[in-house]
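What follows is each chain in one-letter form.
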Amino acid sequence: MAAVQWRSRGRNYEAELQKFRPEPFLVEFGEYHPLKPIMVTDTKTRRGARKGSTSSSSSSSSVPTDPLSSMLDGTDPLSMFAAASASEAPRMQHSTSAGDLGRRKRDKEEDPLGPDFEPWSSKRGEILARFTTTEKLSINLFMGSDKGKAPSPGSAVSEKVRTRLEELDDLEEGSQRELLNLSQQDYANRIEELNQSLKEAWAADQKVKALKIVIQCAKLLSDTSVIQFYPSKFVLITDILDTFGRLVYERIWTMCSDPRPLPDGFTVDDVNDTAKETCLNWFFKIASIRELLPRLYVEAAILKCNRFLSKTGIQEILPRLTAMIRGIGDPLVAAYARAYLCRVGMEVAPQLKDNLNRNFFDLLGTFRQISGENVQNQLVLQRVEVPEYLTLYSPAINWILQCIAYRAPESLLTEMMERCKTLGNNALLLNSVMRAFRPEFVAARATDFIAMIKDCDEAGFPKHLLFGSLGRSLACADPPESERLTILNEAWKVVTKVRSPQDYINCAEIWVEFTCRHFTKREVNTILADIIKHMTPDRAFEDAYPQLQSAIRKILLYFHNFSVLFSIERFLPFLDMFQKDSVRVEVCRSITDVFLKNQVEPTRDPVILNAMLHICKTMHDSVNALTLEDEKRSLALLIIGFIRMVSFGRDFEQQLSFCVEARATFCNLEPVLVQLIHTVNQLAMETRKVMKGNHSRKTAAFVRACAAYSFITIPSLSNIFSRLNLYLLSGQVALANQCLSQADAFLKAAVSILPEVPRSISVEGKFRSSENFLLDFINNFLATLLVVPDHPEHGVLYLIRGLLNMVQDYTWEDNSDAKVRVYTSALPLLAAMSQETYLYSIPKMDSNETLYGGDPKFLSEINKLCETLIGQILDHLKALSKDEQSIRRQGALAFSLFGVVLAHGDLRNNKLSQLSVNLWNLSHKHGYCETRMSVRTLECIKHQAQQHDMTHLTDVVQRLALQSRT
């Protein structure tokens, strides 16, 4: 290709804008909507008709052309899925086994309790976590000698029964297996192994073996050698009992489901004789167990099976089992046996409240045993204090009272309170009553409960635990307004006298919520001061971080006015007790998160700013070399949120001072520094809008100060593209404020660091080529250079030349066309700079169009630079002819340059016109150019050729031919 002589065509941007502005079109929205399905007319020609005739049919149908229109049609994917599921339902139901169907019906039928009843499963984890021990545990198992054999098929029924009874006798008299020195975790694992063995034995149709396992596990509940662990032991072993009861019930249910499942509300008449006989056989087996405790527990486990035998069976058996518990000598063992019976009774017959009451009253009668010689000797032997021993009853009593109080009238609470008084205000019972009944009932009688707590014996059950239970109820329901201050004063008199820091904080954090809910910052400050006083000596707060965090959460729940919150004198000293780094940061995160959610308007309140700066600094200072990137990002987002909520209105200097302080405070979090630079740039633009007239000098000085802030801060960023983009942005802000020297410094700094851009960068944890990111930046940079006037000391187009030199020297990827693409992008800029009037400009600032005023020497420099760039591009195109991939790249680059020459070059110049034709031919030479794009380009050129000042394009169009790959 011959040397090119570049001439930019003259442009009248305003005229072009008016010419190509779309004409307004009135749309009747009653007939048209962009999401409305399009009506498509489909004309089909019928084939196979008589010769010489054709038949066609036209039909109009609503064809959804996109997912949105199909959604309006009601045929979105979710609706289709629902319809498909509905159509599949009959087949699925047909294929469902009778057992599965019966289980679903059974689950539906046997859920008499409402969602407001807290199930036992929700208490299980709390009990296991609370009642622990470091003592060694043991398991004694009498698993029998396996001498019983299955009878032959011809044996009589009586022989079967005799064999089963012998097996049970063998169970009672068999070999002993003892596991000693087990840790708590080992014990739990062994119990779980027994549970699994039970399931395996049942699956293998070894029903007697399964029963043996259950009996031996139930016997373990008589062992109180490690009494502190007994509640957790009860939880673990009753899991096995529940499993056994479920297996037996499902076995009998399955026997009743042949040939069809039992109805939802089945009666005894619906149960076949075989199922009844099997069920009765199970009760006979259990009745033959000699020891009271396992017989009681195992029968209670299958209590629900009585539905297969009798309509009133459960109603008759519950009183009998309740009476059997009276034969258990240990009051703790008896209490948990009653709890299990009440649990099973609530599952199968929650309406039988009399049995619940009878169990509770029997439990009250055993309290006198606690002071008896046997219990006291046991406590001395195990070195357990009476208050600790009494807490072991709490899960059992709480459960029984919960069952009794479920949907009970308020009058029942009054009755319970009277019984407590009759028993001398038994603290253990009073505590359970307050936790069992609805908070509304307790709150209405809060003053009465306080009076009863005062009369309790301090030695048996600490009063602070009672006030803790009362505080939990008052946190959920409000007492009478006139009594609230009295309640708080009476409670705090007791709480503040607790000597143990752990006991103190356990109770105090409960009453924090009551105080925040009903009182002002004065009372809250008093509570916080008292907590600090108790928890600071000997650094007791180090063992109470969960409770202290809970107190903070409760304060944040009720104090959303952070000006009031931070004015609480002891709030920040309270935060200082969080000395552990991870906990302190978590607390600061929660405070900042609540602040961002509730602080609607920007603030300049010094109380808020100082406190939040301290809190955010704490989060920032936790960052070190080991901090994960996700953690850094999360902390940065919180701090950025705070910075965005700070506004000093028109006091711009104060706002800038805040940014200076924030930069020094948060220097280790790069996203925060980026946000601060954006804030300062925005501040500079707002200053320009607000300060006018007499304040122009002051405005210029302030903008220069903002520019200095950015210029100092940007180099501290490690991310190269953050630096590039912020240099460019800050330069644009400086230009908008007529600060040419500052803008020049920013733009030159951006050009100077281009060689530092690596060939690959990390994006979301993955390394990617930086080429596209760099091209995007350079294109934005070129667009800015149009309005940047040349520096009088640096020559014509010095910034463009400097940029192109950097691009020339940059080490691009192998087989990369990025450099040529930059040259191609620079041509439209140079063409725009040669116009008499620029496409855009900055008010009150002279660009090169004013400085040079169309000077021929300036235009000559532009043309020379364009010719140099085109020459570089053409040389690159010549080199791309080695393989198919190179040819494809050659065609794409040639077509791109053709578009630039067509749009910005003066094609009345013969050499330039010939260049465009050559580029067109080169791009289509091998047939890789997209035909649709080529056709549209030709149509556009033909349309332009019809303009009176573009007729010379007619000749060009005639020389452009479409070629296909051969």
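Residues numbered from 1 in each chain as written. Predicted model: local features only at pLDDT ≥ 70, side-chain atom pairs only at ≥ 80, totals over all residues. Heavy atoms only, no water.

1. With respect to the overall build of the protein chain
Phase 1 of the analysis: The number of helices and strands found in the protein chain is 46 helices and six strands.
Phase 2 of the analysis: If you sum the accessible surface of the protein chain, you get close to 49700 Å²; carbon and sulfur atoms cover 51% of it. (Helix = DSSP H or I, 4+ residues; strand = E, 2+ residues; numbered from the N terminus. Areas by Shrake-Rupley, 256 points an atom, 1.4 Å probe, with all protein chains shown as cover.)

2. Brief notes about the pairing of strand β6 (residues 766-769)
Phase 1 of the analysis: Bridge count between strand β5 (residues 760-763) and β6: four bridges; the pairing is antiparallel. Bridge pairing in β6 links valine 763 to lysine 766.
Phase 2 of the analysis: What sits between the antiparallel neighbours β5 and β6 is a turn of two residues, in which glutamate 764 has the positive phi angle 55 degrees. (Pairing = 2+ DSSP bridges.)

3. Some words on the packing of helix α31 (residues 606-621) against helix α32 (residues 629-644)
Phase 1 of the analysis: With their axes 10 Å apart at the nearest point, α31 and α32 run at an angle of 165 degrees to one another. Taken together, the axes of α31 and α32 lie roughly antiparallel to each other. By crossing handedness, the relation of α31 to α32 is classed as left-handed. Taking contact as the criterion, the partners of Leu609, Met612, Leu613, Cys616, Met619 and His620 in α31 are, on α32, Leu635, Leu638, Ile639 and Phe642.
Phase 2 of the analysis: When its residues are assigned to classes, the contact of α31 with α32 shows nine nonpolar, one polar and no charged. (Axes fitted to C-alpha atoms, helices over the stretch in contact; angles between N-to-C directions. Parallel < 35°, antiparallel > 145°, perpendicular 65-115°, else oblique. Left-handed = near helix turned anticlockwise from the far one by under 90°. Contact = heavy atoms within 4.5 Å. Nonpolar A, V, L, I, M, F, W, Y, C, P; charged D, E, K, R; others polar.)

4. Things to note about unusual backbone geometry
Phase 1 of the analysis: Although it is not a glycine, aspartate 205 adopts a positive phi angle of roughly 65 degrees.
Phase 2 of the analysis: Along the chain, aspartate 205 turns up in the loop between α7 (184-203) and α8 (207-219).
Phase 3 of the analysis: Backbone geometry at asparagine 815 places phi at a positive 55 degrees, although glycine is not the residue there.
Phase 4 of the analysis: Within the secondary structure layout, asparagine 815 lies in the loop between α39 (798-809) and α40 (818-833).
Phase 5 of the analysis: Judged by relative accessible area, asparagine 815 falls into the exposed class, the value being 67%. (Buried < 20%, exposed > 50% of the residue type's maximum accessible area, 1.4 Å probe, protein only.)

5. A short note on the packing of aromatic side chains
Phase 1 of the analysis: If you walk through the whole model with that rule in mind, you get 38 aromatic pairs.
Phase 2 of the analysis: Put simply, the rings of Phe117, Trp120, Tyr230, Phe234, Tyr297, Tyr336, Tyr340, Trp399 and Tyr406 touch in pairs and so form one group of aromatic residues.
Phase 3 of the analysis: In this structure, lysine 207 packs its charged tip against the face of tryptophan 202, placed 4.9 Å from the ring centre.
Phase 4 of the analysis: The ring of tyrosine 249 carries the charged tip of lysine 304 above its face, separated from the ring centre by 4.7 Å. (Phe/Tyr/Trp six-rings, centres within 6.5 Å; stacked < 30°, edge-to-face > 60°. Lys NZ or Arg CZ within 6 Å of the ring centre and 35° of its normal.)

6. Things to note about the environment of asparagine 561
Phase 1 of the analysis: Mapping asparagine 561 onto the fold places it in the loop between α27 (545-558) and α28 (562-566).
Phase 2 of the analysis: Spatially, the C-alpha atoms of asparagine 561 and isoleucine 608 are 9.8 Å apart, while their sequence positions differ by 47 residues.
Phase 3 of the analysis: Here the side chain of asparagine 561 touches serine 563 through a polar contact of 3.1 Å, landing on its backbone nitrogen. (Polar contact = N/O pair within 3.5 Å; in protein donor to acceptor, adjacent residues only side chain to side chain.)

7. Section: helix α25 (residues 501-518)
Phase 1 of the analysis: For α25, which comprises 18 residues, the first-to-last C-alpha distance of 26 Å matches the rise-based estimate of 26 Å (1.5 Å per residue) to within 8%.
Phase 2 of the analysis: Summarising burial for α25: 13 of the 18 residues are buried, a large majority. (Expected span 1.5 Å × (residues − 1).)

8. Some remarks on the pattern of salt bridges
Phase 1 of the analysis: Evaluation of the coordinates by the stated rule reveals 36 salt bridges.
Phase 2 of the analysis: Between arginine 326 and aspartate 362 there is a salt bridge; the shortest N-O distance is 3.0 Å. Here arginine 326, found in the loop between α12 (313-325) and α13 (331-348), pairs with aspartate 362, found in helix α14 (residues 353-365); they are 36 residues apart in sequence, far enough to count as distant.
Phase 3 of the analysis: Owing to a relative accessible area of 17%, aspartate 362 belongs among the buried residues under this scheme.
Phase 4 of the analysis: Between arginine 959 and aspartate 955 there is a salt bridge, and its shortest N-O distance comes to 3.7 Å. Taken together, the positions of arginine 959 and aspartate 955, both in helix α46 (residues 953-959) and four residues apart, correspond to about one turn of that helix.
Phase 5 of the analysis: Among the residues examined, arginine 959 registers a relative accessible area of 30% and is labelled partly exposed.
Phase 6 of the analysis: Salt bridges sharing common partners tie together Asp242, Arg343 and Glu347. (Salt bridge = Lys/Arg side-chain N within 4 Å of Asp/Glu carboxyl O.)

9. Quick notes on the side chain of asparagine 909
Phase 1 of the analysis: Residue position: asparagine 909 is located in the loop between α43 (884-904) and α44 (910-924).
Phase 2 of the analysis: Among the residues examined, asparagine 909 registers a relative accessible area of 17% and is labelled buried.
Phase 3 of the analysis: Every residue in contact with asparagine 909, bar those within four places of it in the chain, is listed here: Gln5 and Arg7.

10. Thoughts on the packing of helix α23 (residues 463-476) against α25
Phase 1 of the analysis: Taken N-terminus to C-terminus, the directions of α23 and α25 make an angle of 25 degrees; their axes are 9 Å apart at the nearest point. For the element pair α23 / α25, the angle class is roughly parallel. Read as a crossing pair, α23 and α25 show a hand that is left-handed. Only Asp503, Cys507, Ile510, Trp511, Glu513, Phe514 and Arg517 of α25 make contact with α23, whose side of the interface consists of His464, Phe467, Gly468, Leu470, Gly471, Arg472, Leu474, Ala475 and Cys476.
Phase 2 of the analysis: Of the residues assigned to the contact of α23 with α25, the class counts are nine nonpolar, three polar and four charged.

11. Quick look at the nonpolar core
Phase 1 of the analysis: Grouped together as the largest cluster of nonpolar side chains are 313 residues, with contacts concentrated most on Phe308, Leu470, Trp511 and Ile531.
Phase 2 of the analysis: Of all the elements, helix α9 (residues 230-256) adds the most residues to this core, at 15 residues.
Phase 3 of the analysis: Three or more residues apiece are contributed to this core by two domains, here domain 1 (784-863) and domain 2 (881-965). (Core = buried A, V, L, I, M, F, W, Y, C linked by side-chain atoms within 4.5 Å. Domains from an automatic or database assignment.)

12. Thoughts on α9
Phase 1 of the analysis: Helix length check: α9 (27 residues) gives 39 Å between terminal C-alpha atoms against 39 Å at 1.5 Å per residue, within 8%.
Phase 2 of the analysis: Within α9, 22 of the 27 residues are buried, leaving the element largely enclosed by the surrounding structure.

13. A closer look at the environment of leucine 830
Phase 1 of the analysis: By secondary structure assignment, the location of leucine 830 is in helix α40.
Phase 2 of the analysis: What makes leucine 830 buried here is its relative accessible area of 0%.
Phase 3 of the analysis: Once the C-alpha coordinates of leucine 830 and cysteine 866 are considered, the two residues, 36 residues apart in sequence, prove to be 7.1 Å apart.
Phase 4 of the analysis: Contact partners of leucine 830, with chain neighbours within four places excluded, come to Leu797, Ile800, Ile862, Leu865, Cys866 and Leu869.

14. A few points about the environment of alanine 188
Phase 1 of the analysis: In this structure, alanine 188 sits in helix α7.
Phase 2 of the analysis: The spacing of alanine 188 and isoleucine 237 is 49 residues in sequence and 9.3 Å in space, taken between C-alpha atoms.

15. Overview of the confidence of the model for the protein chain
Phase 1 of the analysis: When pLDDT is averaged along the protein chain, the result is 84, and 85% of the positions lie at 70 or above.
Phase 2 of the analysis: In this model, residues 42-74 is a region of pLDDT below 50 whose contacts with residues beyond four sequence positions or in other chains number 41 contacts.
Phase 3 of the analysis: Note that pLDDT drops below 50 for residues 144-157; the model gives that stretch 12 contacts with residues more than four away or on any other chain. (pLDDT = per-residue confidence, 0-100.)

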